[in-house]
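Here are the chains, one letter per residue:
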Amino acid sequence: MTGTARKALAEAIATFLFVLSIIGAVNSGSPLTPLAIGFALAVLVYSTGHISGAHLNPAVSVGVFLRGGLSVVDLIVYIVAQLVGAAVAALVSAALWPAGKAVEIETGPAFLVEALFTLALVWVVLNVATSKDTDGNSFYGLAIGGVVFVGATTVGAISGGGFNPAVALGLSISGQFAWSNLWLYIVAPIVGAAIAAILFRVLNSDDAKKIGA
């Protein structure tokens, strides 16, 4: 398997494993849940980065697209693969754990922290995994997983710590997020990702990535 199909399958598999890990970690009730989620992302980024870039997150894909690293077709394929992987993970989780209770949030603060920490996540991804100045580094997975760990620890109680529309879809299916709040977990991360991409381009005008380069 080669090309876009290979990348899409890698995104679907890795997002499936990530969302299943999140649901399991949340159901464990462990105080180490944020750490487990951060490490899950880190190892999956390392395992899939060489195939697809290991976005595992529609917001990251949007950021990479706006940075110039994905075509429109690949953007759509990546997002569909991520959403499918997340949905399947949630369905599988139903055979392992009981349905969750939806986290209660206040729209304003939740929107703000989802946008801010997705901005931080995409900012880190763009700088450690797509920049020519950090090309070939070995720390990108830990940096990316570390952002999610910090976000889940610091603002998880405010928004539930989604920072990822695919994760939000999975957690809505499994019951941890309310369906009525799904729009927030989609719009806020996309806003954050767009701002991160703009900031990257402003500060790295000499690193204009071209599709296929």
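Quick look at the structure, then. (Residues numbered from 1 in each chain as written. Predicted model: local features only at pLDDT ≥ 70, side-chain atom pairs only at ≥ 80, totals over all residues. Heavy atoms only, no water.)

1. Section: the overall build of the protein
Part 1 of the argument: Assigned secondary structure in the protein consists of eight helices and zero strands.
Part 2 of the argument: Relative to its length of 213 residues, the protein is compact, with a C-alpha radius of gyration of 16 Å against a globular reference of 17 Å.
Part 3 of the argument: Each principal axis of the C-alpha atoms in the protein carries an extent, and together these give about 50 × 40 × 30 Å.
Part 4 of the argument: Here the protein, with 213 residues, has 50% of them falling under the buried criterion.
Part 5 of the argument: Restricting to contacts in the protein with at least 6 residues of sequence separation, those with at least 24 account for 78%.
Part 6 of the argument: Counting every atom, the protein has about 9,600 Å² of accessible surface; 70% of that belongs to carbon and sulfur.
Part 7 of the argument: Side chains of the protein carry 8 positive and 9 negative charges; the gap between the two charge centres is 9 Å. (Helix = DSSP H or I, 4+ residues; strand = E, 2+ residues; numbered from the N terminus. Rg over C-alpha atoms; globule rule 2.2 N^0.38 Å. Buried < 20%, exposed > 50% of the residue type's maximum accessible area, 1.4 Å probe, protein only. Contact = heavy atoms within 4.5 Å. Areas by Shrake-Rupley, 256 points an atom, 1.4 Å probe, with all protein chains shown as cover. Lys, Arg positive; Asp, Glu negative; His and termini not counted. Charge placed at Lys NZ, Arg CZ, Asp CG, Glu CD.)

2. Considerations on the packing of helix H3 (residues 58–67) against helix H5 (residues 107–130)
Part 1 of the argument: Orientation of H3 relative to H5, taken along the N-to-C sense of each, is 55°, at an axis distance of 10 Å. With respect to H5, the element H3 is oriented oblique. Here H3 and H5 pass one another in a crossing that is right-handed. When H3 is examined against H5, the residues Ala59, Val60, Gly63, Val64 and Arg67 are found in contact with a partner set consisting of Thr118, Leu121, Val122, Val125, Leu126 and Thr130.
Part 2 of the argument: When the residues that make up the contact of H3 with H5 are grouped by side-chain class, the tally is seven nonpolar, three polar and one charged. (Axes fitted to C-alpha atoms, helices over the stretch in contact; angles between N-to-C directions. Parallel < 35°, antiparallel > 145°, perpendicular 65-115°, else oblique. Left-handed = near helix turned anticlockwise from the far one by under 90°. Nonpolar A, V, L, I, M, F, W, Y, C, P; charged D, E, K, R; others polar.)

3. Thoughts on the nonpolar core
Part 1 of the argument: If you look at the biggest cluster of nonpolar residues, it comprises 49 residues, and the most contacted ones within it are Phe18, Leu41, Leu56, Leu121 and Ile144.
Part 2 of the argument: Those elements that place two or more of their residues in this core are helix H1 (3–28), helix H2 (33–52), H3, helix H4 (72–93), H5, helix H6 (140–159), helix H7 (165–174) and helix H8 (182–203).
Part 3 of the argument: Considering every element that reaches this core, the biggest residue donor is H5, with eight residues.
Part 4 of the argument: In this structure Phe18 touches Ile37, Ala40, Leu41, Leu44, Leu56, Asn164 and Val167, once residues within four positions along its chain are discounted. (Core = buried A, V, L, I, M, F, W, Y, C linked by side-chain atoms within 4.5 Å.)

4. Observations concerning the side chain of Asn164
Part 1 of the argument: Summarising the element assignment, Asn164 is placed in the loop between H6 and H7.
Part 2 of the argument: Judged by relative accessible area, which is 4%, Asn164 ranks as buried.
Part 3 of the argument: Leave out the neighbours within four places in its chain, and Asn164 touches Phe18, Leu56, Asn57, Pro58, Tyr185 and Pro189.

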